[in-house]
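# Secondary and tertiary structure notes
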Amino acid sequence: MAALVVPTHRRPPGIYRAAHALRTVGAVVFALLLVFVGTVAYSAYLVATSSTESHSMSVQFASNGTVEVSGTFSLSNPGWYPIERLELSTRVANGTGVLLGTVLVGPTTVASGTTGVFPFAVAIPITPSGPAASLLTTDQYLSVRAWGNATYAYLFPVSVSLTQNRSWGAPFEGLQVSVGAPVVLGGQVSVPVRITFSDHSSADDVGTMSFVIDSANLVPCGGANFPISVAAGTYFDQTETVTLESGCSLSGGHLLLTYTTPTGTVAFPPEPLP
């Protein structure tokens, strides 16, 4: 009679069981990674199509002889992940592309399902030899550009950008200063100085206009100051008679014009004399 053979169950070696467990964990991790990447891609598409917007942007005179460009940017995040460490660099350029001023906004975080609002204000100093001097006398479009970098969904670098042109109406558009022929009266020499411009800004020009006539060797020859009140959208035309200092020659000289208000003084580029 043959002996009965009883089958035995052999347990797989430990290394085999560990490898099998690792494969299972890897498959689960890979599946989760695919889901994560898929949701990130879809969320990133939602963010990209929402774009950055600007609101309530204004350009106006401010204190201390500056022009202020201010407003807010908003960035909607309809996705499922936060936009983190977002920092916007805002730059303002004049009509010819020359940089006038810059300001940095942030860093901040825009949570998922919310809209981030970023207020900004760029103060542009106006000096006679600076790039912003043309804002006084020339209508133009200002280019406002904002761009920045951030991290999306905790891992992925992203960038956002916005460019907008903003119309600027010069408060002294087309400024013309002309010095007439000298007139001798009572042994003194005087000249008529005519100043004309149009106020194309949104505010009235109310303050004091002053000018000094310098000779070629920078010796003051004479000057005048007078109040002005020019409504927005209107034309200014005024002539002032100036008595010159004895022996002062205008040839090769300059006329230095300034506009003063309670908030500050703005100096215009020197006007050469014939």
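Residues numbered from 1 in each chain as written. Predicted model: local features only at pLDDT ≥ 70, side-chain atom pairs only at ≥ 80, totals over all residues. Heavy atoms only, no water.

## Quick word on the overall build of the protein chain
Heads up, the rule is: Only DSSP runs of H or I reaching four residues or more are called helices, and only runs of E reaching two or more are called strands; each is numbered from the N terminus. Three exposure classes are used, based on accessible area relative to the maximum for each residue type with a 1.4 Å probe and protein chains only: buried under 20%, partly exposed in between, and exposed over 50%. The contact definition used throughout considers only heavy atoms, calling two residues in contact when any of these lie within 4.5 Å. Each accessible area is a Shrake-Rupley result for a 1.4 Å probe, and residues are judged covered by the shown protein chains and nothing else.
Across its full length, the protein chain carries 2 helices and 16 strands. Each of the 274 residues in the protein chain was classed as buried or not, and the buried ones make up 36%. Considering only residue pairs separated by 6 or more positions, the protein chain has 63% of its internal contacts joining residues 24 or more positions apart. By element, 59% of the accessible surface of the protein chain is carried by carbon and sulfur atoms, the whole surface being about 15,400 Å².

## Focus on the packing of aromatic side chains
We count it as follows: Pairing of aromatic side chains here covers Phe, Tyr and the six-membered ring of Trp, requires ring centres within 6.5 Å, and sorts the geometry by plane angle: under 30 degrees stacked, over 60 edge-to-face, intermediate tilted. Whether a charge lies above a ring is judged from NZ of Lys or CZ of Arg, which has to be within 6 Å of the ring centre and within 35 degrees of the ring normal.
Taken as a whole and judged by the stated rule, the model has 5 aromatic pairs. A centroid spacing of 5.0 Å and a plane angle of 70° characterise the contact between F172 and Y259, whose relative ring orientation is edge-to-face. Here Y259 lies in strand β14 (residues 254-261) and F172 lies in the loop between β7 (156-168) and β8 (173-179), a separation of 87 residues in the sequence. Neither residue differs from the other here; F172 and Y259 are each classed as buried. Three or more aromatic residues joined by ring pairs make a cluster, and in this case those are F172, F197, F236, Y259 and F268. Seen from the ring of W147, R145 lies directly overhead, with NZ or CZ sitting 4.2 Å from the centre.

## Regarding the pairing of strand β3 (residues 83-93)
To be explicit about the condition: Strands are treated as partners if at least two bridges between them are detected by DSSP.
The buried fraction of β3 amounts to 8 of the 11 residues, a majority that puts the element mostly inside the structure. By the bridge criterion, 9 bridges tie β3 to strand β6 (residues 140-152) in an arrangement that is antiparallel. Across the sheet, E87 pairs through a bridge with N149, a residue of β6.

## Structural notes on the pairing of strand β11 (residues 205-214)
Most of β11 is tucked away, with 7 of its 10 residues classed as buried. One ladder, built from 10 bridges, connects β11 with strand β12 (residues 220-230); its direction is antiparallel. What sits directly across from S210, in β12, is N225. In this structure, the hairpin formed by β11 and β12 is closed by a connection of 5 residues, where L218 is found at a positive phi of approximately 65°.

## Side note on unusual backbone geometry
Where the residue is not glycine, phi is negative for most of them; where a peptide bond is considered, it is trans in most cases. The phi angle at R85 is positive, at roughly 55°, despite the residue not being glycine. Tracing the chain through its elements places R85 in strand β3.

## Comments concerning the pattern of salt bridges
Threshold: The salt bridge criterion pairs a side-chain nitrogen of Lys or Arg with a carboxyl oxygen of Asp or Glu, the two atoms within 4 Å.
On inspection of all chains with the given rule, the structure shows 1 salt bridge. Its salt-bridge partner being R194, residue D237 comes within 2.5 Å of it at the nearest N-O pair. With D237 in strand β13 (residues 235-243) and R194 in strand β10 (residues 188-198), this residue pair connects regions lying 43 residues apart in the sequence.

## Quick notes on the environment of R194
What makes R194 partly exposed here is its relative accessible area of 39%. Sequence separation of R194 and V177 is 17 residues, and the distance between their C-alpha atoms is 5.7 Å. Setting aside residues no more than four positions away along its own chain, R194 makes contact with Q176, V177, S178, Y235, D237, Q238 and T239.

## Thoughts on the confidence of the model for the protein chain
Defined as follows: Per residue, pLDDT measures the predictor's confidence, with a range of 0 to 100.
For the protein chain, mean pLDDT is 80; residues scoring 70 or higher make up 80% of the total. Here helix α1 (residues 14-50) stands out as the element of the protein chain with the lowest mean pLDDT, 56, in contrast to β13, whose mean of 95 is the highest.

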